[in-house]
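# Topology and contacts: notes
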Amino acid sequence: MIKYLHGIPRERSLKLSSFQMDILIMLGLLMFGVFILLYGFVKVSFKQMKFEMEYIEVETKKGNENYELAIKKVKNLPHKTLKKRSVAEIDMIVIHHTEKKSRVWDIADYHVNKNGWSTVGYHYMIQSSGKILQLNEIETISPHCKDYNTRSIGVCFNGNFEENMPSDAMLESGEKLVKYLKTKYGIKTIVGHGELGNTDCPGENLKLFVEQFKN
Ligand SMILES: [Zn+2]
């Protein structure tokens, strides 16, 4: 290649026509655009990993089996001024169902803008797929169980479990989540919403799920 270039007169090898210049500029702009797009994509991906995904290792009762539990934090749901508590006040987990399978954003919108609550009424939502969503920080007082909100964590199964059966994936995720929360916050009391108030929640078909944590 170098040998070949040596054979070309100096002016011809270095001078570019205006057409060639245009092509070069356009290529430069194109590469710049691709770079910006890639940068944006990578940046957004990292942001999502950092702010929305939290991986938690869960220890079972047997103590020798570790699960990796993925919890997706949902940001920017409708809310008003949040009321806070100290983690030391927590001594209870209350299990719920939504009564009607719904989009999380719609539930939050209803609780905040129709009911006038400060935030969506649960800390965790378990989806049919088994995916676990965190809707409120643990320190946030979430209005999910009258008279017990300050001391409890609300875990909700998305669907109607008076009428339908929860999926295996939901039950598996729910069990891991409750065990993790029990261990992390030293919680001994796990109840269904109906044990504390006049409601069918979380439904007949989640009774066994709640019972397994009582001993
Ligand atoms: Zn409930």
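This text follows the structure it describes.
Reference entry: report on the structure contained in this document. (Residues numbered from 1 in each chain as written. Predicted model: local features only at pLDDT ≥ 70, side-chain atom pairs only at ≥ 80, totals over all residues.)

### Focus on the overall build of the chain
Short version of the rule: A run of H or I in DSSP becomes a helix once it reaches four residues, and a run of E becomes a strand once it reaches two; helices and strands are each numbered from the N terminus. Here the C-beta atoms are placed from the backbone, and a residue counts as buried if at least 20 other C-beta atoms lie within 10 Å of its own, exposed if 12 or fewer do, and partly exposed otherwise.
On a plain count of helices and strands, the chain comes out with six helices and seven strands. Taken from the N to the C terminus, the helices and strands of the chain come in the order α-α-α-β-β-β-α-β-β-β-α-β-α. Evaluated residue by residue, the chain yields a buried proportion of 23% over its 215 residues.

### What about helix H5 (residues 168-185)?
Definition in use: Multiply 1.5 Å by the residue count of a helix minus one, and that product is the helix's expected span.
Taking 1.5 Å of rise per residue, the 18 residues of H5 would be expected to cover 26 Å, and the 26 Å separating its terminal C-alpha atoms lies within 8% of that figure. Taken together, the buried positions of H5 are Met 170, Ser 173, Gly 174, Lys 176, Leu 177, Val 178 and Leu 181. At the exit of H5 stands Gly 186, carrying a positive phi of roughly 60°.

### So, the pairing of strand E3 (residues 92-97)
A regular strand places its side chains on the two faces of the sheet in alternate fashion. Which entries qualify depends on this criterion: Between any two strands, pairing holds if DSSP finds at least two bridges.
Summarising burial for E3: five of the six residues are buried, a large majority. As defined by bridge partners, E3 adjoins strand E7 (residues 189-192) across four bridges and the pair is classed as parallel. The partner of Ile 95 across the bridge, within E7, is Gly 192.

### Regarding the nonpolar core
To keep it simple, the criterion reads: By definition, a nonpolar core groups buried Ala, Val, Leu, Ile, Met, Phe, Trp, Tyr and Cys residues that are joined through C-beta atoms within 7 Å. It is the C-beta atoms, placed from the backbone, that decide contacts: two residues are in contact if theirs lie within 7 Å.
Membership of the largest hydrophobic core comes to 27 residues, with the highest contact counts inside it found for Ile 93, Ile 95, Tyr 122, Tyr 124, Ile 126, Val 155 and Cys 156. Counting residues per element, the ones that place at least two in this core are E3, helix H4 (104-114), strand E4 (124-126), strand E6 (152-157), H5 and helix H6 (207-211). Excluding its chain neighbours within four sequence positions, the residues that come into contact with Val 155 are Ile 93, Ile 95, His 96, Tyr 122, His 123, Tyr 124, Gly 174, Leu 177 and Val 178.

### Some remarks on unusual backbone geometry
Note that the residue after Cys 201, namely Pro 202, is joined by a cis bond; omega there is 10°. Even without being glycine, Asn 76 reaches a positive phi, approximately 65°. By the secondary structure assignment, Asn 76 is in the loop between strand E2 (66-73) and E3. Even without a glycine there, the phi angle at Glu 99 is positive, about 80°.

### With respect to H4
So the rule is basically this: The reported arc concerns the directions from the helix axis to the C-beta atoms and nothing else.
Considered for burial, the residues of H4 that qualify are Ile 107, Ala 108 and His 111. Here the buried residues of H4 occupy an arc of 95° about the axis, which is enough to place them on one side. Facing away from the buried side of H4 by more than 90 degrees, the exposed set consists of Asp 106, Asn 113 and Lys 114. In the stretch just after H4, Gly 116 is the one whose phi turns positive, near 80°.

### Quick notes on the environment of Lys 176
Turning to its location among the elements, Lys 176 is positioned in helix H5. Residue classification places Lys 176 among the buried positions, given that 20 C-beta atoms sit within 10 Å. Along the chain, Lys 176 and Glu 68 lie 108 residues apart, while their C-alpha atoms are 9.1 Å from each other.

### Things to note about the environment of Val 191
The topology assignment puts Val 191 in strand E7. In sequence terms Val 191 and Phe 213 are 22 residues apart; their C-alpha atoms lie 8.7 Å from each other. For Val 191, the residues in contact, after removing those within four places along its chain, are Met 92, Val 94, Leu 196 and Val 210.

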